[in-house]
Amino acid sequence: MAISLKKGSSFDLTKKQPSLQKILVGLGWDVRPGNNLDLDAVCFMLGGNKKLVTDEHFVFYNNLRSPEKSVEHTGDNRTGVGEGDDEMILVNLPLVDNRVEELLFVVTINDATIKNHNFGLLENAFMRIVNVETNEEILRYNLDVDYSNGTEVEFGKLIKDGSDWKFNAVGISTEKGLQGYVDIYA
Ligand SMILES: [Ca+2]
Ligand SMILES: [Ca+2]
C-alpha cells in the first residue's frame, strides 16, 4: 500500500527502494462544476544554485523532455476531467543530469490572471509516485489545504541526497504565474 504524505513531510524514495530507477510522477485535480480551467504540470530541473542547469531543463508542454531524456512530460490535458492522473511526468532517476540537485514540480493554471482563476476552483488535487517497472504506487500526497488565492501550486520536489533521491511534499501556493517562475529559475 502506498505511503500517504502530509504537507511538509518527506520520504526517502531510493533508500526505501534501492532498485528504483524509473518513476511516474502523476498529478491530478478536478475542476469544480461550472468552471473550465486548463492546468499544466511543469518540472524545473535545478542545480545547487537553484537555477535551471540549462534552459532546456525546464520541462513543460512546449518542451516535453530534458536534453538527456531523463524527464519526460507525457502530454497536455486541457480539462482535468476524470479520476486518476491528469498530467504525468516520467523520470528516469539514473539518467538525470548530474548537475541537477532538485526537480521541482509545479502545477499552473493557464491564463489564470486574465480569467481570474485560482486553485479555489479546484478540488481533489494530488501528486503520486509510481514505480514504472512494477506499477506499484509508492507514495501519494493529497493536497488538502485551501489554496484559494493561488494561481499555481508547488506540489512537491525530488531532492538529491548524495546518491539517493528523496521526495518532499511541498504544497505551497503562489501567485507568480509561470513566467514568474521562469524569471526566478532561468
Ligand atoms: Ca494542461
Ligand atoms: Ca481529474
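The structure this text deals with has already been given above.
These figures come from a predicted structure and were not determined experimentally.

Reading guide: rules and limits
Position labels on residues start from 1 in each chain and follow its written sequence. Starting at A for chains and at 1 for ligands, labels are handed out in the order in which the entities are written. Local features in this predicted model are restricted to residues whose pLDDT is 70 or higher, and side-chain atom pairs enter the listing and the counts only when it is 80 or higher, whereas totals over whole chains, interfaces and linings include all residues. For helices the rule is a DSSP run of H or I covering at least 4 residues; for strands it is a run of E covering at least 2, with both sets numbered from the N terminus onward. Atoms counted for the radius of gyration: C-alpha only. Globule rule: 2.2 Å times residue count to the power 0.38. Working definition of burial: number of other C-beta atoms within 10 Å of the residue's own, with buried at 20 or more, exposed at 12 or fewer, and partly exposed in between, all C-beta atoms being placed from the backbone. Note on contacts: residues are paired as contacts if their backbone-placed C-beta atoms lie within 7 Å. For two strands to pair, DSSP has to find at least two bridges joining them.

This part is about the overall build of the chain. In terms of helices and strands, the chain carries 3 helices and 12 strands. For a compact globule of 186 residues, the expected C-alpha radius of gyration is about 16 Å, and the chain comes in at 15 Å, within 12% of that figure. Counting only C-alpha atoms and orienting by the principal axes, one finds that the chain spans roughly 45 × 40 × 25 Å. Relative to its full complement of 186 residues, the chain shows a buried share of 39%. Long-range pairs, those at least 24 residues apart, make up 69% of the contacts in the chain with a sequence separation of at least 6.

The next point concerns the pairing of strand β7 (residues 87–92). Residues E87, I89 and V91 line the buried face of β7, whereas the alternating positions M88, L90 and N92 sit on a face that is not buried. Examined bridge by bridge, strand β6 (residues 71–73) and β7 share 3 bridges and lie antiparallel to one another. Within β7, the position partnered with E72 by the bridge is L90.

A separate point is the environment of P94. Tracing the backbone shows P94 in the loop between β7 and β8 (102–109). P94 gets classed as exposed once you count the C-beta atoms within 10 Å, which come to 11. Sequence separation between P94 and G82 is 12 residues; the distance between their C-alpha atoms is 32 Å.

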